[in-house]
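# Fold and geometry: a report
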Amino acid sequence: MYIYLDIAFLINFIFDAEIIFLTLVLLSKKVVYPRIILAAFLGGLQGVFVFFPYFRILSLPPVSFLVSLLMVIIAVNPVSVRQIFEGYIFFLTAAFLIGGAMSFLKLKIVFGLFLILPLYLAILDIRKRVFKKHTSVTLCYKGKEIEKNAVYDSGNTVFYYGKPVIFGSKTI
């Protein structure tokens, strides 16, 4: 059996880039392509180095999870530990979703590369449905201003001099 390391790298690189992209879309984070490329490059290297005898440790599940965590940190650029774990959970979910779909549909690798497109379109459709009733509002209270997302039509609209009234608590 022959293993072509350049092909193994390319396959791992492309799938990791797709999964990272899907993770960023799910998290509603800004897509920064150099970060995606760097993180996918790290995943591609891991996928190649597991074939070398001295690097077999990279194929162990704990090490694979740590490498994928590092990939998420590189791509997501989190500012808190919570964002790291959210990104990591979404990354693993996307990876298992794509891998499971490929296995269930018995897709070859070439067809698996195109599997992300319907998933991406489905996510965009869901986001559009969920966020179409949300808008950004500026709350003003005693000289303080804060901008928040809010539902703009709850079905029981109250107006004061022709402008909608928003009820809220005193704490911001």
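Residues numbered from 1 in each chain as written. Predicted model: local features only at pLDDT ≥ 70, side-chain atom pairs only at ≥ 80, totals over all residues. Heavy atoms only, no water.

## Topic: the nonpolar core
In this structure, I20, L22, I36, A39, M71, F91 and I98 are the most contacted members of the largest nonpolar core, which totals 30 residues. When contributions to this core are tallied by element, the ones reaching two or more residues are α1 (5-27), α2 (33-49), α3 (61-76), α4 (81-104) and α6 (116-131). Residue contributions to this core peak at nine residues, all from α1. (Core = buried A, V, L, I, M, F, W, Y, C linked by side-chain atoms within 4.5 Å. Buried < 20%, exposed > 50% of the residue type's maximum accessible area, 1.4 Å probe, protein only. Helix = DSSP H or I, 4+ residues; strand = E, 2+ residues; numbered from the N terminus.)

## What to know about the packing of aromatic side chains
In total, this model carries four aromatic pairs according to the counting rule given. Both rings, one in F49 and one in F52, keep their centres 6.1 Å apart while their planes meet at 55 degrees; by these two values the pair is tilted. The partly exposed category is assigned to F52, whose relative accessible area is 33%. (Phe/Tyr/Trp six-rings, centres within 6.5 Å; stacked < 30°, edge-to-face > 60°.)

## A few points about the packing of α3 against α4
Interhelical geometry of α3 versus α4 gives an angle of 115 degrees and a closest axis separation of 9 Å. Seen along the crossing, α3 lies across α4 with a hand that is right-handed. Contacts from F65, S68, L69, M71, V72 and I73 in α3 reach I84, G87, Y88, F91 and L92 in α4. For the contact of α3 with α4, the per-class residue count stands at nine nonpolar, two polar and no charged. (Axes fitted to C-alpha atoms, helices over the stretch in contact; angles between N-to-C directions. Left-handed = near helix turned anticlockwise from the far one by under 90°. Contact = heavy atoms within 4.5 Å. Nonpolar A, V, L, I, M, F, W, Y, C, P; charged D, E, K, R; others polar.)

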